[in-house]
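# Inside the fold
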Amino acid sequence: MTLKTLVLALMLLAACGAREDTESNNRRQPDLYSYQVLNTWPHDPKAYTQGLVFHQGYFWEGTGQYGSSSIRKVELETGKVVMKKELPGHYFGEGITIFRDRIYQLTWQSRKGFVYDPETLHLLAEFSYDGEGWGITNTENLLIMSDGSDRLRFLDPSTFKVKRVLSVRDDRGPVTQLNELEYIKGEIFANVWHSDRIARIDPKNGRVTGWIDLSGLIPRHEIRDSEAVLNGIAYDHENDRLFVTGKLWPKIFEIRLIKR
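First, a word on scope: everything that follows refers to the structure included in this document. Sequence order as written defines residue numbering, which begins from 1 separately in each chain. It should be noted that, the model being predicted, local features are given only for residues of pLDDT at least 70 and side-chain atom pairs only at 80 or more, the latter also being counted only at that level, while totals for whole chains, interfaces and linings use all residues. Only heavy atoms go into the side-chain values, all of them from the structure, while hydrogens and water stay out.

A pairing counts as a salt bridge when a side-chain nitrogen of Lys or Arg comes within 4 Å of a carboxyl oxygen of Asp or Glu. Scanning the model with the defined rule gives 12 salt bridges in all. The partner of Glu 86 in a salt bridge is Lys 84, with the nearest N and O atoms 3.7 Å apart. A salt bridge links Asp 147 to Arg 153; its shortest N-O distance comes to 3.4 Å. On the basis of relative accessible area, Asp 147 is assigned to the buried category, the value being 12%. Relative accessibility decides the category of a residue: with a 1.4 Å probe and only protein chains considered, values under 20% of the type maximum give buried, values over 50% give exposed, and everything between is partly exposed. Take Arg 153: its relative accessible area is 8%, and that puts it in the buried class. A cluster of three or more residues bridged by salt bridges with shared partners is formed by Asp 147, Arg 151 and Arg 153.

Rendered as structure tokens:
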């Protein structure tokens, strides 16, 4: 065997090993989490929650539906809306995130997003993207958006060009219907539309490392609409608090995760 042949053989073995490691990771069952409710806060039951952020002591919320979409600043303790901007009636508002003192908001099928000044909610800029907009969050350097598929797109916050696309999978295969997003301690938390589960996603490889089961969080008698589903994740970075809510829910819950 020549040296060249030996090198090629070793490279082939290494590639096979890497492929087996990847397949093994994809088949690994995610950790499972339940929850403990620590506090309950009031929430506007008419708010069709599409995005939720906790920033400087307030909730910032993006709401949906044609004719009633908005972005709003909300008091934690009272649920009172202290500042609000309504979208034109032909836009269906979606997820929001706050990145470098700017609020970014998506719309559903209009392929258009908006950038606001959080001090005044004055519109600073608009941006475009392909496909639908569902949820949005950010890392230290990039925006991350979902579109209802199993894909997450990482965007340059200055140009809004796609830097990379991440396919999300658990041990059973692709995970679709990814909706509201929150970036927490190096992980992506994602609501799965029309489910009581939140996926914890590794942003490096797209693997679901954990499932958070929030079944029973809100009593069924408090749900009066089939679309009043779990959707809304916010994190208080300063005080390590995790909040969740849903579309048209009357409450926001502060929860602690419990590994099963």
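Next up on the list: the pairing of strand S5 (residues 81-86). Two strands pair under a simple rule: DSSP has to find at least two bridges between them. Secondary structure is summarised from DSSP: a helix means a run of H or I of at least four residues, a strand means a run of E of at least two, and numbering begins at the N terminus for each. In this structure, strand S4 (residues 70-75) lies alongside S5, joined through 5 bridges in antiparallel fashion. Residue pairing for S5: Ser 70 is matched across the bridge by Glu 86.

For the rest of this paragraph, the subject is the sheet that holds S4. Read across the sheet, 4 strands follow the order S2-S3-S4-S5 without closing on themselves; strand pairing throughout is antiparallel. Single-partner strands in this sheet number two, and they are strand S2 (49-55) and S5. Each adjacent strand pair in this sheet contributes to an overall mean axis angle of 15 degrees, direction not counted. An axis is simply a line fitted to the C-alpha atoms; with a helix, the fit covers only the stretch in contact. Between two such axes, the angle follows the N-to-C directions and lies from 0 to 180 degrees.

Think of it this way: a Phe, Tyr or Trp ring, Trp meaning its six-membered ring, pairs with another when their centres are within 6.5 Å, and the plane angle makes it stacked under 30 degrees, edge-to-face over 60, tilted otherwise. The full count for this structure, using the stated rule, is 15 aromatic pairs. Relative to Phe 160, the ring of Phe 127 lies with its centre 4.1 Å away and its plane at 5 degrees, an arrangement referred to as stacked. Note that Phe 127 is positioned in strand S9 (residues 123-128) and Phe 160 in the loop between strand S12 (151-155) and strand S13 (162-167), a separation of 33 residues in sequence. This pair shows no difference in class: Phe 127 is buried, exactly as Phe 160 is. The structure contains a cluster of three or more aromatic residues connected by ring pairs, namely Phe 99, Tyr 104, Phe 127, Tyr 129 and Phe 160. Sitting over the face of the ring of Phe 154, Arg 164 holds its NZ or CZ atom 4.0 Å from the ring centroid. The lysine or arginine in question, Arg 197, covers the ring of Trp 211, its NZ or CZ lying 3.7 Å from the ring centre. Should the NZ of a Lys or the CZ of an Arg lie within 6 Å of a ring centre and within 35 degrees of the ring normal, that charge is described as sitting over the ring.

A separate point is unusual backbone geometry. Unlike most non-glycine residues, Gln 56 shows phi in positive territory, near 55 degrees. Topologically, Gln 56 is positioned in the loop between S2 and strand S3 (58-63). Its identity as a non-glycine residue notwithstanding, Asp 101 has a phi of 60 degrees, on the positive side. Relative to the elements of secondary structure, Asp 101 occurs in the loop between strand S6 (93-98) and strand S7 (103-107).

Here the focus is the pairing of strand S18 (residues 197-201). Most of S18 sits inside the fold, with 4 of its 5 residues counted as buried. With 4 bridges joining them, strand S17 (residues 187-192) and S18 adopt antiparallel strand pairing. Considered in S18, the bridge of Ala 190 is made with Ala 199. Between S17 and S18, which pair antiparallel in sequence order, lie 4 residues; one of them, His 194, sits at a positive phi of approximately 60 degrees. Turn length for the S18-strand S19 (residues 208-213) hairpin, with the two strands adjacent in sequence and antiparallel, is 6 residues, and the turn residue Gly 206 shows positive phi of about 80 degrees.

On to the sheet that holds strand S8 (residues 112-116), then. Read across the sheet, 4 strands follow the order S6-S7-S8-S9 without closing on themselves; strand pairing throughout is antiparallel. Edge positions in the sheet fall to S6 and S9, since each has one partner strand and no second. The average angle at which neighbouring strand axes cross in this sheet is 20 degrees, direction not considered. Direction of pairing for S6 relative to S7: antiparallel, over a ladder of 4 bridges. Bridge pairing in S7 links Thr 97 to Tyr 104.

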